[in-house]
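Residues per chain are reported as follows:
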Amino acid sequence: VSMDLNSASTVVLQVLTQATSQDTAVLKPAEEQLKQWETQPGFYSVLLNIFTNHTLDINVRWLAVLYFKHGIDRYWRRVAPHALSEEEKTTLRAGLITNFNEPINQIATQIAVLIAKVARLDCPRQWPELIPTLIESVKVQDDLRQHRALLTFYHVTKTLASKRLAADRKLFYDLASGIYNFACSLWNHHTDTFLQQVSSGSEAAILSSLERTLLSLKVLRKLTVNGFVEPHKNMEVMGFLHGIFVRLKQFLECSRNIGTDNVCRDRLEKTIILFTKVLLDFLDQHPFSFTPLIQRSLEFSVSYVFTEVGEGVTFERFIVQCMNLIKMIVKNYAYKPSKNFEDSSPETLEAHKIKMAFFTYPTLTEICRRLVSHYFLLTEEELTMWEEDPEGFTVEETGGDSWKYSLRPCTEVLFIDIFHEYNQTLTPVLLEMMQTLQGPTNVEDMNALLIKDAVYNAVGLAAYELFDSVDFDQWFKNQLLPELQVIHNRYKPLRRRVIWLIGQWISVKFKSDLRPMLYEAICNLLQDQDLVVRIETATTLKLTVDDFEFRTDQFLPYLETMFTLLFQLLQQVTECDTKMHVLHVLSCVIERVNVQIRPYVGCLVQYLPLLWKQSEEHNMLRCAILTTLIHLVQGLGADSKNLYPFLLPVIQLSTDVSQPPHVYLLEDGLELWLVTLENSPCVTPELLRIFQNMSPLLELSSENLRTCFKIINGYIFLSSTEFLQTYAVGLCQSFCELLKEITTEGQVQVLKVVENALKVNPILGPQMFQPILPYVFKGIIEGERYPVVMSTYLGVMGRVLLQNTSFFSSLLNEMAHKFNQEMDQLLGNMIEMWVDRMDNITQPERRKLSALALLSLLPSDNSVIQDKFCGIINISVEGLHDVMTEDPETGTYKDCMLMSHLEEPKVTEDEEPPTEQDKRKKMLALKDPVHTVSLQQFIYEKLKAQQELLGEQGFQSLMETVDTEIVTQLQEFLQGF
């Protein structure tokens, strides 16, 4: 039923009013009703009537706009279910652009966005009149209408510019070339108006014209950057871009006349930044079209950032943008010639030439000196923050959220890029700065201390470039170490900077035998009176421990002191970010020294539960605790059992899908669960109980599935009987579900779990996973096409056949019923497929298992087995080739897979000692037929038994079915029996 405009308006208005209520009893039914109307013809026409009626309540109109916008997203496309009719859409389109006179700013913006959404789908084909209407409307004299039309013009341009399909791009190019001239004159008009009013107009008039300047510039930005294939061939585009520098200068000068703290100032700065964004975007999208602008961009940016020109008019965000412009030109790949100049394009060479002409020796030297001696200096503000909020200061320095737009990182990145590009010119400049700073600095001369800090900062940032020019080891001993020993409070910026600097050079150039001197210094600095210095020292310690030249033996004498001091630091700091950082350093130390950490972790182990409790609101800190626990458990090995009262509830919470924090904690939580199992000396009821979390995790079937399978295997190795009796039924259900929908690799993972269960527990395993075995049998009979899956099937079936014959018989019986075949016939098919697909098996253990399993069918007078005798012998001889190695001392062959209790593997210095799970696997191998039964002996006994069963003549005719070459090889292997 279509809604009638007049009668429906009242009803819809009433329900919308209820939907703005604070009372849920009124609100909920109203929302339900609106949801039902969403697909009713005429509903959106009613909404349009409501939100364009300025006499109604603002909240009701706001809601009407939102429902309308939602409707466009869902029902505007022709192919959408419940799509709006073409007639209604025509009326709505016309209604949306009848008059641009919305008085409320927020609603006006929403209407502009909504028109843009329709334009994205309908412009220009179904809505050719949109752009002409907008162009007419932005010319009107009425202030409000003009502004609203301009706002809509911007949103429409922005949306159309973002379309990516070739046909849409073509339409946008056509649109841009059609309206560019107009957009330019519109922008120039508003800009001139603004510049006249700055000197004479009222604040309201200035703001109004500035707002229009900003909007028309936003339109031009989209047209300029996205509207032309070869913009450099368009006079108007290039004219506009060249004009930006003039306009920027005018606007920067205006800032002298506008107060520092008002709305106008804010808008003015936004406009100035937008000019720079046009240049940056254009350079990014069209580097070669930008070539004619390189010279001016560099001259402009360098003069405002590095000379007196900018004094009194520049502001931080503008300096950042100018630095980005310089950096993008310096680094731009399009402007870098190839090693062989001849291979470069003429465009590249031209751009390169312009750059080279600009970056002369004096210019580069001046930029470098200004960066270091002006921009690198710690500011009053930073020094105050250091005193009042040291942790806030370190977080800010290492990259808080606001950090990437702030000046310091931007200047540092610019310095690194320019230094890298022009290092031959700049290295001597920086070395000379270093030269002038030899020896200690007077603590009374704050300026000298800050200059030294800035130069050291530069030397740290340029470490890779200075590799060949600085004898760092000498400098470390003669200059840097003594600096660290000056304990005066005012010297703390240098103590912090020097320990940071060493961290920067550690991986570049630092002699290994100087490490102990550094560790000594780190132990002292971790006791420094200043917190910032202690935190910076912890960072350098982490870099040292992470470095590939790290040697545990050098580190061990300092381990106890460092660990204790780091732990104290962890307790002292209060900010979440800093605690995470210090925990991370502790984790790295634990990971590096592994079992050597055991004597010192008591304090940390007692503190972590408290920290975990305190960090309930901070999931990222909890992730850091999980990582620390992972390394702790690995370091403690079997002793980690003492942590269970804390550890197991943590694993339980982190891996419980019904708890909200699992979103953050799951990945680390699973890793911790796995490591706990691998290092567990024995199962406990609590450890077994956590497994209840597994079933929902398997349903998620996410990227964590692999870890889940490792955890399941961990339980099977740890305590197969208890585990299988408690969980196998549910696990089997999960597996059956998974096998239906999982990838090949996933199938292999599932079957490996089953294979392990059968290996560890040949009696209980097959019973517990009984529902999966027919699936495996069927896969073998039907000749599964993926080799890895087939190999795993045969591994599973080999275990059943070799280690639980009675179960195999009942399975064969069940399958015979299923396939409606004789048992013998089915067995024959299976052996034939096994022999045929033996090459799919690559793992030596499974190859030997296959030989043992098929041989276990002998001796037999069953005609089917005798019929397949030749294949069984072929596989057995292949198996002998796999496992028999010659003993060089005696010249005899022996089965290399046999293991005895006597062999204790030697653990070398660098190797991790075996985990508890490694030991369990070793014990398991000592009971596994693959490792305890000699294949040679087994073949001999089976053939002898077959001979006794059939008699000499019967056996001989059976052997004649085997290829003579194979028989000869067999006899060679069986010599001496």
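Quick caveat: nothing in here was measured; it's all calculated off a predicted structure.

Here we come to the UniProt feature "domain: Importin N-terminal" (unreviewed entry) in the protein chain. As annotated by UniProt and renumbered to match this structure, "domain: Importin N-terminal" (unreviewed entry) occupies residues 30–102. Along residues 30–102, the helical share is 63% and the strand share 0%, with 26 Å between the first and last C-alpha atoms.

Before going further, it helps to spend a moment on helix α40 (residues 805–819). With 15 residues, α40 ought to run about 21 Å at 1.5 Å a step, and its terminal C-alpha atoms sit 21 Å apart, in line with that. Just downstream of α40 lies Asn820, where phi reads positive at about 60°.

Note on pairing: side chains with opposite charge can pair once their charged atoms come close. The tally for this structure, following the rule as stated, stands at 48 salt bridges. Linking Arg212 and Asp143 is a salt bridge whose minimum nitrogen-to-oxygen distance equals 4.0 Å. Note that Arg212 is positioned in helix α10 (residues 203–226) and Asp143 in helix α8 (residues 143–161), a separation of 69 residues in sequence. Note on Arg212: relative accessible area 6%, which makes it buried. Salt bridges here are not isolated pairs; linked through shared partners, they connect Arg78, Glu86 and Lys89.

The next point concerns unusual backbone geometry. Excluding glycine, residues mostly have negative phi values, and the peptide bonds linking residues are mostly trans. Here the bond from Cys123 into Pro124 is cis, since omega is 0°, no more than 30 degrees from zero. Mapped onto the elements of the fold, Pro124 is located in the loop between α6 (105–122) and α7 (130–137). Note that the residue after Leu858, namely Pro859, is joined by a cis bond; omega there is -10°. Turning to its location among the elements, Pro859 is positioned in the loop between α42 (844–855) and α43 (863–867).

Relative to the assigned elements, Leu758 resides in helix α36 (residues 744–760). Non-local contacts of Leu758, meaning those with residues more than four positions away in its chain, are made with Gly765, Pro766, Val796, Arg799, Val800 and Gln803.

Turning our attention to the side chain of Asn713. With respect to the helices, strands and loops of the structure, Asn713 is situated in helix α35 (residues 705–741). Polar contacts involving the side chain of Asn713 include one to the side chain of Asn756, which spans 2.9 Å. Contact partners of Asn713, with chain neighbours within four places excluded, come to Lys752, Val753 and Asn756.

Reading guide: rules and limits
- Within each chain, residues carry numbers counting from 1 in the order of the written sequence.
- Local features are withheld for residues below a pLDDT of 70 in this predicted model, meaning they are given only at 70 or higher, and side-chain atom pairs are given and counted only at 80 or more; totals for whole chains, interfaces and linings count all residues.
- To get the side-chain values, take all heavy atoms of the structure and skip hydrogens and water.
- UniProt positions are given in the numbering used here, feature names are shortened, and annotations may be inferred rather than shown by experiment.
- Per the convention used, a helix needs a DSSP run of H or I reaching at least four residues, while a strand needs a run of E reaching at least two, with both numbered from the N terminus.
- Expected span of a helix: the number of residues minus one, times 1.5 Å.
- What makes a salt bridge here is a side-chain nitrogen of Lys or Arg within 4 Å of a carboxyl oxygen of Asp or Glu, nothing more.
- Only protein chains enter the accessibility calculation, which uses a 1.4 Å probe; a residue whose area is less than 20% of its type maximum is buried, one above 50% is exposed, and one in between is partly exposed.
- Whether two residues touch is decided by their heavy atoms; if any such pair falls within 4.5 Å, the residues are in contact.
- Any pair of N or O atoms that falls within 3.5 Å is considered a polar contact. Within protein, one atom must be able to donate a hydrogen and the other to accept it, and sequence-neighbouring residues count only if both atoms are side-chain atoms.

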